[in-house]
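Observations on chain architecture
The chain contents come next:
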Amino acid sequence: MAKGPKHEPEVTDLARYRKAKAEEAKRKPPKPPKPPRQSFLGSNPRAGLILAVVVVVLLALWLGPRFL
């Protein structure tokens, strides 16, 4: 069976229907806005590259003396 929109038999006048829906919408509290998604590395698009360079430099400083 096809499911269509709910039928409201008490509403026969489009103007009354719109007015009732507008009043119902006024009574409902507005939805709270969603907070913006935060990235793990922040908003800098190069943060991943910078982090990778720092890790490589630290590894080189830590492992470098072992190979000399």
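Anyway, here's the lowdown on the structure attached to this text.

Cut-offs used in this document
- Residues numbered from 1 in each chain as written.
- Predicted model: local features only at pLDDT ≥ 70, side-chain atom pairs only at ≥ 80, totals over all residues.
- Heavy atoms only, no water.
- Helix = DSSP H or I, 4+ residues; strand = E, 2+ residues; numbered from the N terminus.
- Expected span 1.5 Å × (residues − 1).
- Buried < 20%, exposed > 50% of the residue type's maximum accessible area, 1.4 Å probe, protein only.
- Phe/Tyr/Trp six-rings, centres within 6.5 Å; stacked < 30°, edge-to-face > 60°.
- Lys NZ or Arg CZ within 6 Å of the ring centre and 35° of its normal.
- Patch = residues over 30% accessible without salt bridge, like charges linked within 9 Å, V, L, I, M, F, W, Y side chains within 5 Å.
- Areas by Shrake-Rupley, 256 points an atom, 1.4 Å probe, with all protein chains shown as cover.
- Salt bridge = Lys/Arg side-chain N within 4 Å of Asp/Glu carboxyl O.

Structural notes on helix H1 (residues 14–27)
For H1, spanning 14 residues, the distance from its first C-alpha to its last is 20 Å, which sits close to the expected 20 Å at 1.5 Å a residue. Judged by how many residues are buried, H1 sits mostly at the surface: zero of 14 residues are covered.

Side note on the packing of aromatic side chains
Aromatic ring pairs are reported here in terms of the distance separating the ring centres and the angle at which the planes meet. Taken as a whole and assessed by the stated rule, the structure comprises zero aromatic pairs. In this structure, arginine 66 packs its charged tip against the face of tryptophan 62, placed 4.7 Å from the ring centre.

Comments concerning a nonpolar patch on the surface
Together, Phe40, Leu41, Leu51, Val55, Leu59, Trp62, Leu63 and Phe67 give the surface a local cluster of nonpolar side chains, amounting to about 900 Å² of exposed area. Along the polypeptide, leucine 41 turns up in the loop between H1 and helix H2 (47–67). By relative accessible area, which is 38% here, leucine 41 ends up partly exposed.

Focus on the pattern of salt bridges
Between side chains of opposite charge, a pair can form as their charged atoms come close. Applying the stated criterion across every chain yields a total of one salt bridge. Close ionic contact of lysine 28 with glutamate 24 constitutes a salt bridge, the shortest N to O distance being 4.0 Å. In this structure glutamate 24 comes out as partly exposed when scored by relative accessible area, which is 33%.

The analysis is restricted to geometry; functional conclusions fall outside its scope.
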